[in-house]
Amino acid sequence: MLIKIAWRNVWRNKRRSFITIVAIFIAVFLAIILRSLQLGMYDNMINNVVGSYTGYIQLHSKGYWEDKTIDNAFEFDQATLLNIQKIDGIASILKRVQTGALSSYKDLSKFVYINGIELDKEQRLTDWNKRLIDGKLLTNDSKSIIVAKGIAKYFNLKIGDTLIFIGQGYHGMQAVGAYPVEGVIDMKNPSLNNYSVFMNLQTAQDFVSAYNLITNLIVDKEQYFDENKIVEEIKSNINTQYNDVMTWKEMTPELDQLIEADSAGGILIIMILYMIVSFGIFGTVLMMTQERFYEFGVLISIGMKKSKLIITLIIETIFLSFIGIMSGVIASTPIINYYHYNPLTLFGAGAEQLEAAGFEPIIPMMNTYDIALAHSLIIFCISIIICIYPIFIIWRLQPIKAMKR
Amino acid sequence: MNVIETKKLSKFYKQADQDVKALNNVSIKFQKGEFTAIVGPSGSGKTTFLNSIGGLDSPSSGKVFIESNEITKLNSNQLIDFRLKNIGFVFQSYNLIPVLTAKENVEFIMLMQGIVKSERNKRSIELLDSVGMKEQLNRRPNQLSGGQQQRVAVARALASKPKFVLADEPTANLDSSSTSNLLDIMNKLNKEENMTFIFSTHDQRVIERANRIITLEDGKILSDVNVK
């Protein structure tokens, strides 16, 4: 019956309850939309830079990240690789040899970063098909290269032209080679476009005389899976005395910091929204308490325990919040799903700015349930905290005084 | 057998820098089955007396015993429980729970007592039938007249099978027909179920029905008369 009383009390003053529910609805709806938009944008930025190139997690030999030379290459045994592949949340693992070299064509030269890659696996990470803007992709036995569009532009390269590389090989060997250009790709990132050259893993190992060695083991994860959890599991499978495991946040701290700073702004807006809605709920609870002070006095007089009266009021507040929260979640879900699969496309200056920073000018909404869950819980907790006021009032209530008011 | 006994019950409070003696050394006993009217001018201490014996107000000094249990020793939570199990209240302005129907209002007290649903249902219908409200079981207070609401309040007061019913000016807001009707019902319950009723009232019609009339003035008992 307490639930029945609480439910009917909610509708005693329909207009007031409606206004409160609408306030909660707007707060939840805007918070979810805003956060999905923000997190979707960050996820896209991360995918652009991390998912398509560095990977979410990398494994190197100890000290490689501080001193990225081919001398820090290492051999990774197949058994450990198979063990790591079994870890939950890992989508794929790919080997790379990465080394710097001086490239030259005709009378021009330029520093480039050579990436020896596993073609099939790399395709899954980087979607090469979509990024190829000229020529064709490499095959497993090709001894040619793909260059990023910045390099092609710098040297004015055409498909079939040959680039010469001079660099440092493994343990003092000289690395020299001439490789024809088979394709040009757009890395969607100005920095990567200016320095990236791709060749077969085997070809790269031959180039630097690092046979069967790699410099990086890239671990790609399932979407929204916690990379820290994966790192912990990888660490338990390897000898951390010889190898480092790093997340993308450690490898590209500037991107992480950019996201953190931007995210803080969004959270501030949501906090303001919460503050407004908190006062809205508090106003309702305050009125609900004050205008029924006499009634509380009567109920306690006839034998209703204060604890039961408090429970009734808490249930009333929960009803109000729950209706508002659920409407907010239900209204935001189709919008989020639509813009997740059909991202917002930016035009003009905004788009140019994002592109210049190396990101695609699109904003997909993130459609994970935990955004709605988190914001629903926050509003719910706010409602429960607000209930402290009537709890305090009822706990101190003296029936005679209440009925004299 | 004494249902209620007060010993040197006093209640003082300050009002505009003046000490007011709402009750002054009131010692009195009430027997089972009495139909008592407490009368007196405004400010004579009628409501304070009812509140004190009902455990709603704590006296400044003195003791209140309900069937030899001293309720003035109980803390506020124990008093709530005591009221629920022992005392029925009828208020001047009915004070039904506005969101509950007549039947639910009566059931509510039994629910607080932890009585099972089937018994609550049966007893609430019986009680409302006894106060002539069987046809209005599912109406909410705002769909009932003042007299009907007060009859539901009487049924609610009896729902917990109390030792006595305290009624603070129960007819003050009723017309003469509703008053007569309500008094008939309470008279009937008093005679048939030996229920003890104690009223505070100014209403001559209530006083005429009482079998004991206690007159209070300035917080003291001026007279205590057994009428019938």
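Model, not experiment: these values are computed from the prediction. (Residues numbered from 1 in each chain as written. Chains lettered and ligands numbered in written order. Predicted model: local features only at pLDDT ≥ 70, side-chain atom pairs only at ≥ 80, totals over all residues.)

**Some words on the overall build of chain A**
Within chain A one finds 17 helices and twelve strands. Taken over the C-alpha trace, chain A has a radius of gyration of 30 Å; the compact-globule value for 405 residues is 22 Å, which it surpasses by more than 25%. Based on the C-alpha atoms only, the size of chain A along its principal axes is roughly 100 × 50 × 30 Å. Among the 405 residues that make up chain A, the fraction classed as buried is 41%. Expressed as a percentage of contacts within chain A between residues at least 6 apart in sequence, the contacts between residues at least 24 apart total 82%. (Helix = DSSP H or I, 4+ residues; strand = E, 2+ residues; numbered from the N terminus. Rg over C-alpha atoms; globule rule 2.2 N^0.38 Å. Buried ≥ 20, exposed ≤ 12 C-beta atoms within 10 Å, placed from the backbone. Contact = placed C-beta atoms within 7 Å.)

**Focus on the overall build of chain B**
On a plain count of helices and strands, chain B comes out with seven helices and ten strands. A compact globule built from 228 residues would reach a C-alpha radius of gyration of about 17 Å, and chain B, at 17 Å, matches this within 12%. Summarising its shape, the C-alpha atoms of chain B cover approximately 50 × 40 × 40 Å along the three principal directions. When each of the 228 residues of chain B is scored for burial, the buried share is 46%. Restricting the contact set of chain B to residue pairs at least 6 apart, pairs at least 24 apart contribute 70%.

**Notes on the environment of Ile394(A)**
All names here are of chain A. As for its position among the elements, Ile 394 is in helix H16 (residues 388-396). Under the C-beta neighbour-count criterion, Ile 394 is labelled buried, with 20 such atoms within 10 Å. Separated by 98 residues in sequence, Ile 394 and Phe 296 place their C-alpha atoms 7.7 Å apart. Those residues within four positions of Ile 394 in sequence are excluded, and the remaining contacts are Phe 296, Lys 306, Leu 309 and Ile 310.

**Here we look at the nonpolar core**
Of all hydrophobic cores here, the largest spans 161 residues; its most connected members are Ile24(A), Val28(A), Val147(A) and Ala155(B). With 16 residues, helix H2 (residues 14-54) of chain A is the largest single contributor of residues to this core. Here this core spans two domains, since at least three of its residues come from each of domain 1 (2-49 + 256-404) and domain 2 (63-241) of chain A. Once you skip the residues sitting within four places of it in the chain, Ala155(B) turns out to touch Val106(B), Leu127(B), Leu128(B), Val131(B) and Met133(B). (Core = buried A, V, L, I, M, F, W, Y, C linked by C-beta atoms within 7 Å. Domains from an automatic or database assignment.)

**Here's the deal with the sheet that holds strand S4 (residues 61-66) of chain B**
All names here are of chain B. With antiparallel pairing, the four strands of this open sheet are ordered in space as S2-S1-S4-S5. Two strands lie at the open edges of the sheet, namely strand S2 (18-31) and strand S5 (69-70), each paired on one side alone. With two bridges joining them, S4 and S5 adopt antiparallel strand pairing. Bridge assignment links Phe 65 to a residue of S5, and that residue is Glu 70. (Pairing = 2+ DSSP bridges.)

**As for helix H6 (residues 176-193) of chain B**
All names here are of chain B. An ideal rise of 1.5 Å per residue puts 26 Å on 18 residues; H6 measures up with 25 Å between its terminal C-alpha atoms. For H6, the complete set of buried residues consists of Thr 179, Leu 182, Leu 183, Met 186 and Leu 189. One side of H6 carries all its buried residues, which in axial view fall inside an arc of 125 degrees. Exposed positions of H6 whose direction lies more than 90 degrees from the buried face are Ser 176, Ser 177, Lys 191 and Glu 192. Where H6 is buried, its residues contact helix H5 (146-159), strand S8 (196-200) and helix H7 (204-209). (Expected span 1.5 Å × (residues − 1). Arc of directions from axis to C-beta.)

**Details of the interface of chain A and chain B**
Taken together, the contacts link 14 residues of chain A with 17 residues of chain B. Those elements that place two or more of their residues in the side of chain A that touches chain B are helix H1 (2-10), helix H12 (293-301) and helix H17 (399-404) of chain A.

**Some points on the pairing of strand S1 (residues 57-61) of chain A**
Residue and element names in this part refer to chain A. The buried fraction of S1 is high, at five of five residues. Here five bridges tie S1 to strand S10 (residues 243-247), and the two strands are oriented antiparallel to one another. The residue of S10 that forms the bridge with Ser 61 is Asn 243. Sheet topology places S1 next to strand S9 (residues 216-221); three bridges connect them, and they run antiparallel. Its bridge partner lying in S9, Ile 57 is registered against Val 219.

**Quick notes on the packing of H1(A) against helix H13 (residues 306-341) of chain A**
Residue and element names in this part refer to chain A. Packing of H1 against H13 leaves a shortest axis separation of 8 Å and a crossing angle of 50 degrees. Taken as axis vectors, H1 and H13 run oblique relative to one another. Here H1 runs over H13; the crossing is right-handed. On the side of H1, the interface is formed by Leu 2, Ile 3, Ile 5, Ala 6, Trp 7, Asn 9 and Val 10, while H13 contributes Lys 308, Ile 311, Thr 312, Ile 315, Glu 316, Phe 319 and Leu 320. Here the contact of H1 with H13 is composed, by residue class, of ten nonpolar, two polar and two charged. (Axes fitted to C-alpha atoms, helices over the stretch in contact; angles between N-to-C directions. Parallel < 35°, antiparallel > 145°, perpendicular 65-115°, else oblique. Left-handed = near helix turned anticlockwise from the far one by under 90°. Nonpolar A, V, L, I, M, F, W, Y, C, P; charged D, E, K, R; others polar.)

**Things to note about the domain arrangement of chain A**
Domain annotation for chain A reports domain 1 (2-49 + 256-404) and domain 2 (63-241). Using C-alpha coordinates to define each centre, domain 1 of chain A is positioned 47 Å away from domain 2 of chain A.

**Brief notes about helix H2 (residues 76-86) of chain B**
Among the residues of H2(B), those classed as buried are Leu79(B), Ile80(B), Arg83(B) and Asn86(B). Within H2(B), the buried residues cover an arc of 160 degrees as seen down the axis, which keeps them to one side. Among the exposed residues of H2(B), those pointing more than 90 degrees away from its buried face are Asn77(B) and Gln78(B). Next to the buried residues of H2(B) lie H12 of chain A together with S4 and strand S6 (87-90) of chain B.

**As for the environment of Glu104(B)**
In this structure, Glu104(B) sits in helix H3 (residues 102-112). Separated by 35 residues in the primary sequence, Glu104(B) and Asn69(B) place their C-alpha atoms 31 Å from one another.

**Quick word on the packing of H13(A) against H16(A)**
Residues and elements named next belong to chain A. Following both chains from N to C, one finds H13 and H16 inclined at 160 degrees, their axes separated by 10 Å at the closest point. One way to sum up the angle between H13 and H16 is to call them roughly antiparallel. Handedness of the crossing formed by H13 with H16: right-handed. On H16, the residues touching Lys 306, Leu 309, Ile 310 and Leu 313 of H13 are Pro 390, Ile 391, Ile 394 and Trp 395.

**Overview of unusual backbone geometry**
Residue and element names in this part refer to chain A. The backbone phi angle of Lys 106 is positive, close to 50 degrees, even though this residue is not glycine. On the secondary structure map, Lys 106 appears in the loop between strand S2 (90-105) and strand S3 (108-117). Here Lys 106 falls in the exposed class, since 9 other C-beta atoms lie within 10 Å of it.

**A look at the sheet that holds strand S3 (residues 35-39) of chain B**
Residue and element names in this part refer to chain B. The sheet built from six strands is open, its strands ordered S6-S7-S8-S3-S9-S10 with mixed pairing. Looking at strand neighbours, the two that pair on one side only are S6 and strand S10 (220-226), the edges of this open sheet. Across the sheet, the mean angle from the axis of one strand to that of its neighbour is 15 degrees, orientation sign disregarded. Across four bridges, S3 lies against S8 in parallel orientation. Residue pairing across strands places Ala 37 opposite Phe 199, the latter belonging to S8.

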